[in-house]
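# Overview (structure and organization)
In case you want the letters, here they are:
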Amino acid sequence: MRSSEFFQNFNVVTILLTGGQFVNLMLKRYYLFMTHNSERIADLLVHLARRSVQSSASELTSAQWAALRFFAHANRFSRQPSVFASYHGTTRGTASQTVKTLVNMGYLERSRGLSDGRSAVFDVTQSGMKALDSDPLRSLVQTLDQLSQDKREALCDVLLTINKQSEESEMGLEDTHFGTCSNCKHFRQSGPNSGYCSQSSTALDIFETDKLCCRFSSV
Ligand code: SF4
């Protein structure tokens, strides 16, 4: 190879390498941009949620799991099919059908309900609690358990902020908001193991205060 050809080839290789590095750099930047892009984050949240509730081996559908989970986590004011419909973004008819199926399976039972006696309230049975041991969401719970306390708290704060902003943007469209006593303006601590709900004029045991509530109003 003549020296002029060598230098020509050398320049092409240099340009290709430099070009490759440039493209790599741009891809890296694009990837970083995409990673922190809001659309990408929203997509990731939906993807994680969908993947976490899918289980081909499960006897329950994802809607039935969602209902069972909801009734296990909701407080006494919220364990009603209509409230689940609102929480899950489905119709009352569909929610009632889901609840009926879970009752027939022995996972939910109708309880005496609220003091007004007008609303049907459902509790999770022992069998329902046992079924929740196989909840497909548990794998995500275990993944979250592996995060440090700091990261879990930071993630929880971010998700609560997103939830609050999303609720505020839906003001007037959605009249039911969900949350727990610790962030609710109606909550008063009345003792080391008890609280008071000014919305329902009811004394609360400590175990009730971290349950999901449909009467929640953000502080
Ligand atoms: S204090 Fe708020 S979150 Fe707690 S039970 Fe009352 S309304 Fe529900």
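Residues numbered from 1 in each chain as written. Predicted model: local features only at pLDDT ≥ 70, side-chain atom pairs only at ≥ 80, totals over all residues. Heavy atoms only, no water.

### Quick notes on the overall build of the protein
Scanning the protein from terminus to terminus reveals eight helices and five strands. Along the protein, helices and strands appear, N-terminal first, in the series α-α-α-α-α-β-β-α-α-α-β-β-β. Burial analysis of the protein (219 residues in total) assigns 27% to the buried set. Look at the contacts in the protein between residues 6 or more apart in sequence, and 56% of them connect residues 24 or more apart. With the model as given, the accessible surface of the protein reaches about 15,200 Å², and the carbon-plus-sulfur share is 55%. (Helix = DSSP H or I, 4+ residues; strand = E, 2+ residues; numbered from the N terminus. Buried < 20%, exposed > 50% of the residue type's maximum accessible area, 1.4 Å probe, protein only. Contact = heavy atoms within 4.5 Å. Areas by Shrake-Rupley, 256 points an atom, 1.4 Å probe, with all protein chains shown as cover.)

### So, unusual backbone geometry
Phi at S201 is positive, roughly 50°, even though this residue is not glycine. The residue S201 is located in the loop between strand 4 (194–197) and strand 5 (202–205) in this model. Here S201 falls in the exposed class, since its relative accessible area comes to 53%.

### What about the sheet that holds strand 3 (residues 187–191)?
On the basis of which strands lie adjacent, the open sheet formed by three strands has the order 3-4-5 and antiparallel pairing. Strands at the two margins of the open sheet, each flanked by one partner only, are strand 3 and strand 5. Pairwise comparison of adjacent strand axes, ignoring direction, gives a mean angle of 35° for this sheet. Bridge count for strand 4 against strand 5 is four bridges, and the pairing is antiparallel. Of the residues in strand 5, the one forming a bridge with S194 is D205. (Pairing = 2+ DSSP bridges. Axes fitted to C-alpha atoms, helices over the stretch in contact; angles between N-to-C directions.)

### Overview of helix 4 (residues 81–88)
Every buried residue of helix 4 is accounted for by P81, V83, F84 and A85. Looking one or two places after helix 4, you find G89, whose phi comes out positive at around 70°.

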